[in-house]
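Chain by chain, the residues run as shown.
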Amino acid sequence: MSLTASHATTFRDRIEKRTAKVAVVGLGYVGLPLAQRCAAIGLRTLGIDVQKTRVDRINAGISDIGDVTSADLAPLVAAGTLSAHTTFDVIQQADAIVICVPTPLSKSRDPDNSYIVKALDAITPHMRRGQLCVLESTTYPGFTREVMVVMLEQGSGLRAGVDFHVAFSPERIDPGNAKYGVRNTPKIVGGLTPACGEAVHALYSAFIDTVRVVSSPDTAEMVKLLENTFRAVNIGLVNEVALMCHKLELNTFEVIDAAATKPFGFMPFYPGPGLGGHCIPIDPLYLSWKLRSLNYQARFIELADAINTGMPAHVVQRCQDALNDQSRALKGAKVLVLGVAYKKDIEDYRESPALTVIELLQRKGADVAYFDPHVPRVRHDGHDLTGIANLDGLEGYDLVVITTDHRVFDFPAIVRRSRLVVDTRNAAKHVTGDRAHVFLL
Ligand SMILES: NC(=O)c1ccc[n+]([C@@H]2O[C@H](COP(=O)([O-])OP(=O)(O)OC[C@H]3O[C@@H](n4cnc5c(N)ncnc54)[C@H](O)[C@@H]3O)[C@@H](O)[C@H]2O)c1
């Protein structure tokens, strides 16, 4: 007998009565806030992660993810509402399983779905009839149906849409965003069947204000890729505008801010040293990869990617220009990179363009240090880098490059005390007075 409307009612009922259990697989930037939110509304939440230290720290009530404080986490752990595990046998107890593992790019910049595949291999032996399995990790349109459903069916011996529900629901978390979190960011869900759609709606509407059901997992997958492609392409556009303004000897930021006074038909995006994070630089390439297999070239995505990945080299060229202005060479210059997080006020440095800037500066023979109060240490390409402890020796650097506009930075003091500044974010825009030594993108 297939899962009927009465099963959907029972599932919703268990969620509403808070008797349902939720397993969250992958307790990182996406999974931990989700697990915390599920537990906070009283759903017994079973987190699973392959990193033992992460699991141990969560079970000790300690969060390493900026969007979840230890003060939020600890009472849920102490009450037994949230627990973390390194083994997958707890999947058996769960009514819903939500997968939030990484989806990076391979060395050849193609989708790397190996984390999802490994997670599915570990989940399926513990699956049982009546469960809902949701994928939140970003992937290409068709993955949930073509790969995940097949693996779930083969591994469990059960039938999707008949014995268990399947859905895709893209994560929209914006680390460091104080206004929008899990609860008030509308959620998109796409079920394999209408009943799968009902089940996934029942789950998320318990703890998220607005849940929109779309017609299929493929549509939900594409929604996420549209959102992130929109950002990548618009940032690519303004980065190219910055390159053009540089040639025209115009201040890009002044141009954009003036254009943004138009109350309709314009949305400001700002240029910078390049894209970073686990989403915007990566996700659009999942879409272009999929389209290549359909013999279609996703031209906007590829052009934006080429422009955005070229920005660190432009930054290094600006460093060379700035030093040249003072009859100095980049080779042998002492350069301080300010900020390695990929955006302001967070500790995440994955894909951060600042790391490429550091690498390129070093290749040109500069003596490079970095300072980032949010990121004291960095592991990049097999090397460990340790940031300097404070800005006490700022006057000793030939050049300071602002790559992240963290709010803790005192930009007036930084500009005043530095010999030369390349400000890739226009972070020091409010600093007045002597700015002859400040170079923009
Ligand atoms: N970080 C963001 O801002 C963001 C925003 C929206 C969507 N996403 C998407 O969400 C997904 C997860 O991203 P993230 O930033 O949370 O990654 P993350 O690296 O912060 O966390 C992933 C976690 O999964 C664990 N993990 C890896 N393989 C596992 C396995 N087989 N079983 C169990 N756990 C496993 C890792 O140890 C890690 O703790 C990605 O697809 C990403 O594209 C991320």
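Given the structure is predicted, the values throughout are model-derived calculations rather than measurements. Starting from 1, residues in each chain are numbered consecutively following that chain's sequence as written. For this predicted model, a pLDDT threshold of at least 70 governs which residues receive local features, and a threshold of 80 or more governs which side-chain atom pairs are given and counted, while totals over whole chains, interfaces and linings are taken from all residues.

1. Describing the overall build of the protein chain
So, step 1. Secondary structure follows DSSP: runs of H or I at least 4 residues long count as helices, runs of E at least 2 residues long count as strands, and numbering of each begins at the N terminus. Broken down by element type, the protein chain carries 13 helices and 15 strands.
So, step 2. For 441 residues, the compact-globule estimate of 2.2 N^0.38 gives 22 Å, and the protein chain sits close to it at 24 Å.
So, step 3. Viewed in the frame of its principal axes, the protein chain has a C-alpha envelope of about 80 × 50 × 40 Å.
So, step 4. In the protein chain, which comprises 441 residues, the proportion classed as buried is 48%.
So, step 5. For the purpose of contact definition, each residue receives a C-beta atom placed from its backbone, and two residues are in contact when these atoms lie within 7 Å. Here the contacts in the protein chain between residues at least 6 apart in sequence split such that 70% fall between residues at least 24 apart. A radius of gyration in this sense is built from C-alpha atoms; the matching globule rule multiplies 2.2 Å by the number of residues raised to 0.38. Counting other C-beta atoms within 10 Å of each residue's C-beta, where C-beta atoms are placed from the backbone, gives the exposure class: buried for 20 or more, exposed for 12 or fewer, partly exposed between.

2. Overview of the site of the ligand
So, step 1. Residues are classed as near a molecule or strand if the C-beta position derived from their backbone is within 6 Å of it. G26, G28, Y29, V30 and S137 are the nearest of the 28 residues found near the ligand.
So, step 2. For the shell around the ligand, the leading source of residues is helix α5 (residues 114–123), giving 3 residues.
So, step 3. Counted by class, the shell around the ligand contains 14 nonpolar, 9 polar and 5 charged residues.
So, step 4. Where each domain starts and ends comes from a domain assignment, either automatic or drawn from a database. Here the shell around the ligand spans two domains, and each of domain 1 (5–215) and domain 2 (230–440) adds at least three residues to it. In this count, Pro and Cys sit with the nonpolar residues alongside Ala, Val, Leu, Ile, Met, Phe, Trp and Tyr, while Asp, Glu, Lys and Arg are called charged and the others, Gly among them, polar.

3. A look at the sheet that holds strand β3 (residues 82–85)
Whether parallel or antiparallel, the strands of a sheet pair through hydrogen bonds between backbone atoms.
So, step 1. Pairing between strands is defined by DSSP: at least two bridges between the two strands are required. Pairing within the open sheet is mixed, and its 8 strands lie in the order β3-β2-β1-β4-β5-β6-β7-β8. What marks the edges here is a single partner per strand, and that holds for β3 and β8 (211–214). Going from strand to strand, the sheet's axes swing by 25 degrees on average, the running direction of each strand aside.
So, step 2. Examined bridge by bridge, strand β7 (residues 187–191) and β8 share 4 bridges and lie parallel to one another. Looking at β8, one finds that G190 is bridged to V214.
So, step 3. Geometry is summarised by axes, namely lines fitted to C-alpha atoms with helices restricted to the contacting stretch, and by angles between N-to-C directions that run from 0 to 180 degrees. Across the sheet, helix α2 (residues 31–40) lies against β1 (21–25), β2 (44–48), β3 and β4 (96–99), angled at about 160 degrees from β2, the strand it touches most.
So, step 4. Against the sheet, helix α3 (residues 52–59) contacts β2 and β3, and its axis sits at roughly 160 degrees relative to β3.

4. Examining the packing of helix α8 (residues 217–248) against helix α9 (residues 252–259)
So, step 1. Contact pair α8 / α9: the axes reach a minimum separation of 9 Å and the direction vectors enclose 125 degrees. Taken together, α8 and α9 sit at an angle that is classed as oblique. Counted together, V238, V241, A242 and C245 of α8 and T252, V255 and I256 of α9 form the full contact between these two elements.
So, step 2. Its residues placed into classes, the contact of α8 with α9 shows 6 nonpolar, 1 polar and no charged. Oblique is the label for every angle not falling under 35 degrees (roughly parallel), over 145 degrees (roughly antiparallel), or within 65 to 115 degrees (roughly perpendicular).

5. Overview of the environment of F230
So, step 1. Turning to its location among the elements, F230 is positioned in helix α8.
So, step 2. Remark: the alpha-carbon pair of F230 and I280, spanning 50 residues in sequence, is separated by 9.2 Å.

6. Observations concerning the environment of L34
So, step 1. Following the sequence through the fold, L34 ends up in helix α2.
So, step 2. The class for L34 is buried, based on 25 C-beta atoms found within 10 Å.
So, step 3. In this structure, the C-alpha to C-alpha distance between L34 and I91, residues 57 residues apart in sequence, is 17 Å.
So, step 4. Sequence-distant contacts of L34, that is, excluding residues within four places in its chain, are made with V24, V98, C100 and V182.

7. Looking at the nonpolar core
So, step 1. Core analysis: the largest hydrophobic core is formed by 89 residues, its most contacted members being V25, I97, V98 and I99.
So, step 2. With 8 residues, α8 is the single largest residue contributor to this core.
So, step 3. A domain-level breakdown of this core finds at least three residues from each of domain 1 (5–215) and domain 2 (230–440).
So, step 4. Setting aside its immediate chain neighbours within four residues, I97 contacts A23, V25, I91, I123, Q131 and C133. A set of buried Ala, Val, Leu, Ile, Met, Phe, Trp, Tyr and Cys residues, joined through C-beta atoms within 7 Å, is what we mean by a nonpolar core.

8. As for unusual backbone geometry
So, step 1. Despite not being glycine, N295 shows a phi value in the positive range, around 60 degrees.
So, step 2. Structurally, N295 can be placed in the loop between α10 (283–292) and α11 (299–325).
So, step 3. One non-glycine residue with positive phi stands out, namely D381, at about 50 degrees.
So, step 4. Considering the arrangement of structural elements, one finds D381 in the loop between β11 (377–380) and β12 (383–386).

9. Points about the sheet that holds strand β15 (residues 438–440)
So, step 1. One open sheet holds the 5 strands; their spatial order is β10-β9-β13-β14-β15, and the pairing between them is parallel. Two strands lie at the open edges of the sheet, namely β10 (367–371) and β15, each paired on one side alone. Averaged over all pairs of adjacent strands, the angle between their axes in this sheet comes to 20 degrees, without regard to strand direction.
So, step 2. Each of β9 (334–338), β13 (399–402), β14 (421–423) and β15 is contacted by α11, which is oriented at about 150 degrees to β13, the strand it contacts most.

10. As for helix α4 (residues 70–78)
So, step 1. Along α4, the residues classified as buried are L73, L76 and V77. End-on, the buried residues of α4 take up no more than an arc of 100 degrees, which puts them together on one face. The outward face of α4, more than 90 degrees from its buried face, is lined by the exposed residues A71 and A78.
So, step 2. Those residues of α4 that are buried are in contact with α2, α3 and β3. The arc in question is formed by the directions pointing from the helix axis toward the C-beta atoms.

11. Things to note about the domain arrangement of the protein chain
So, step 1. Each assigned domain of the protein chain is listed with its residue range as follows: domain 1 (5–215) and domain 2 (230–440).
So, step 2. Distance from the C-alpha centre of domain 1 to the C-alpha centre of domain 2: 34 Å.
So, step 3. Between domain 1 and domain 2, the contact holds 15 residues from the first and 14 residues from the second.

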